[in-house]
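Chains, contacts and geometry: an overview
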Amino acid sequence: MEESVIYQDIVQKEAFKLISRQLKRRFDDIDVSLVEQVRNLSAEQLEELGEELLDFSEVADLIAWLE
């Protein structure tokens, strides 16, 4: 089941929801283009971003990570 496309889609959507809430809490409003870049990350990338986000102090850190 964990290998199914539907399962992976659900995991990715839930990971995005968590990361987007964390980003909003850390930086308030974030440019829509950055949110879209985050939305397009895989579940694995979102997991990595969730860990890296703990070290971010400004939006520029997010921008650099996305590049």
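Everything discussed here concerns the structure shown above.
Now for a quick tour of the structure.

Helix and strand content of the protein: four helices and zero strands. Its helices and strands taken in sequence order, the protein reads α-α-α-α from the N to the C terminus. Taken over C-alpha atoms, the radius of gyration comes to 12 Å for the protein, in line with the 11 Å a tight globule of 67 residues would show. Its C-alpha atoms put the protein at 40 × 20 × 20 Å along the principal axes.

In this structure, Leu23, Val38, Leu46, Leu49 and Leu62 are the most contacted members of the largest nonpolar core, which totals 15 residues. Those elements giving two or more residues to this core turn out to be α1 (5–27), α2 (32–39), α3 (43–52) and α4 (59–66). In terms of residue count, α1 provides more of this core than any other element does, five residues in total. Beyond its immediate chain neighbours, meaning those up to four positions away, Leu46 contacts Gln12, Ala15, Phe16, Ile19, Val38 and Leu41.

Reading the values: rules and limits
Residues numbered from 1 in each chain as written. Predicted model: local features only at pLDDT ≥ 70, side-chain atom pairs only at ≥ 80, totals over all residues. Heavy atoms only, no water. Helix = DSSP H or I, 4+ residues; strand = E, 2+ residues; numbered from the N terminus. Rg over C-alpha atoms; globule rule 2.2 N^0.38 Å. Core = buried A, V, L, I, M, F, W, Y, C linked by side-chain atoms within 4.5 Å. Buried < 20%, exposed > 50% of the residue type's maximum accessible area, 1.4 Å probe, protein only. Contact = heavy atoms within 4.5 Å.

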